[in-house]
Amino acid sequence: MKILVIDDAPDLAEVVSICFEMRWPNSTILSAETAEEGIRQARAASPDVIILDVGLPDRDGFQVCREIRSFSDVPVIMLTVRSDDQDIVKGLEWGADDYITKPFSYIQFLARVQAVIRRSQAL
């Protein structure tokens, strides 16, 4: 499995990587700290799932999600501290498959990743 983490916090990307490596040891973790880098990697690497933060330095994650949707149906899970109902609805309406707020349960996070991947493979 190939996972792309788009988040400007390297420590979060590392924690997410450890979670995936424990659950799926053969997974490949790609990371990007900016929207532009994330979009470039989403196009080039064809990941199986994208973990996307809303707060990025060069563009917000909602816009990134919308742009990714213009060229890919890859499952996108927004992982962010923004927990306002309006943000959650916006994320889902702009193309996210799930929206998880930080802090989060790692077990629940991995279960949600598995669920969105299962649904995308069933299509």
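Residues numbered from 1 in each chain as written. Predicted model: local features only at pLDDT ≥ 70, side-chain atom pairs only at ≥ 80, totals over all residues. Heavy atoms only, no water.

## Some details on the overall build of the protein
What counts, and what does not: Counting from the N terminus, the helices are DSSP H or I runs at least four residues long and the strands are E runs at least two residues long. Here the globule rule is a power law, 2.2 Å times the number of residues to the power 0.38, and the radius of gyration is based on C-alpha atoms. Burial classes follow relative accessibility: with a 1.4 Å probe on protein chains only, a residue under 20% of its type's maximum area counts as buried, one over 50% as exposed, and anything between as partly exposed. Here a residue-residue contact requires only that any non-hydrogen atoms of the pair lie within 4.5 Å. When charges are counted, Lys and Arg are positive and Asp and Glu negative, with His and the chain ends excluded. To locate a charge, the coordinates of NZ of Lys, CZ of Arg, CG of Asp or CD of Glu are taken.
Counting its regular elements, the protein contains five helices and five strands. What you see in the protein, going N to C, is helices and strands ordered as β-α-β-α-β-α-β-α-β-α. Here the C-alpha radius of gyration of the protein, 13 Å, is about what a compact globule of 123 residues would show, namely 14 Å. Dimensions of the protein along its principal axes, counting C-alpha atoms only, are 35 × 30 × 30 Å. Counting only residues that meet the buried cut, the protein has 46% of its 123 residues in that class. At a minimum sequence separation of 6, the contacts of the protein that also span at least 24 residues come to 63%. For the protein, the separation between the mean place of its 13 positive charges and that of its 20 negative charges on side chains is 6 Å.

## Focus: the packing of helix H2 (residues 35-45) against helix H3 (residues 61-69)
In plain terms, the rule: Angles run from 0 to 180 degrees between N-to-C directions of axes, and those axes are lines fitted to C-alpha atoms, restricted for helices to the stretch in contact. Our angle categories are set so that under 35 degrees counts as roughly parallel, over 145 as roughly antiparallel, 65 to 115 as roughly perpendicular, and the remainder as oblique. In a left-handed crossing the near helix is turned counterclockwise from the far helix by less than a right angle, and in a right-handed crossing that turn is clockwise. For this classification, the nonpolar set comprises Ala, Val, Leu, Ile, Met, Phe, Trp, Tyr, Cys and Pro, the charged set comprises Asp, Glu, Lys and Arg, and every other residue, Gly included, is treated as polar.
Put simply, H2 and H3 touch, their axes get as near as 10 Å, and they point 20 degrees apart. It follows that H2 is roughly parallel to H3 by the angle criterion. Two packed elements cross with a definite hand, and for H2 against H3 that hand is right-handed. The segment H2 lies against H3, with Ala-35, Ile-39, Ala-42 and Arg-43 engaging Val-64, Glu-67 and Ile-68. Taken together, the residues of the contact of H2 with H3 sort by class into five nonpolar, no polar and two charged.

## A few points about the pattern of salt bridges
When their charged atoms lie close together, side chains carrying opposite charge are able to pair. Here is the rule we go by: When a carboxyl oxygen of Asp or Glu is within 4 Å of a side-chain nitrogen of Lys or Arg, the pair counts as a salt bridge.
Scanning the model with the defined rule gives eight salt bridges in all. The closest approach of N and O atoms between Asp-87 and Arg-82, which form a salt bridge, is 3.0 Å. You can call Asp-87 buried: its relative accessible area is 14%. The exposure class of Arg-82 is partly exposed, given its relative accessible area of 35%.

## Here's the deal with the confidence of the model for the protein
When pLDDT drops low, the exact placement of atoms in the prediction is not to be read closely. Note the following rule: Within a predicted model, pLDDT stands for the predictor's per-residue confidence, ranging from 0 to 100.
Per-residue pLDDT for the protein averages 94, and the proportion of residues at 70 or more is 99%. Looking across the protein, the model is least confident in helix H1 (residues 10-23), with a mean pLDDT of 89, and most confident in H2, with 98.

## Some details on the pairing of strand S5 (residues 98-101)
Test applied: Only strands that DSSP links by at least two bridges are regarded as paired with each other.
With four bridges joining them, strand S4 (residues 76-80) and S5 adopt parallel strand pairing. For Ile-77, the partnering residue across the bridge sits in S5 and is Asp-98.

## Description of the packing of aromatic side chains
The condition is simple: Here a pair means two rings of Phe, Tyr or Trp (six-membered ring of Trp) with centres within 6.5 Å. Their orientation is stacked below 30 degrees between planes, edge-to-face above 60, and tilted elsewhere. A ring is scored as having a charge over it whenever the NZ atom of a lysine or the CZ atom of an arginine sits within 6 Å of its centre and within 35 degrees of its normal.
Counting across every chain of the model gives five aromatic pairs. Where Phe-20 meets Phe-109, the ring centres are 5.8 Å apart and the plane angle is 75 degrees; that geometry is what we call edge-to-face. Here Phe-109 lies in helix H5 (residues 106-122) and Phe-20 lies in helix H1, a separation of 89 residues in the sequence. One exposure class covers both Phe-20 and Phe-109, and it is buried. Here the aromatic cluster, defined as three or more aromatic residues joined through ring pairs, consists of Phe-20, Trp-24, Phe-104, Tyr-106 and Phe-109. Lys-90 extends its terminal NZ or CZ atom over the ring of Trp-94, reaching a point 4.8 Å from the ring centre.

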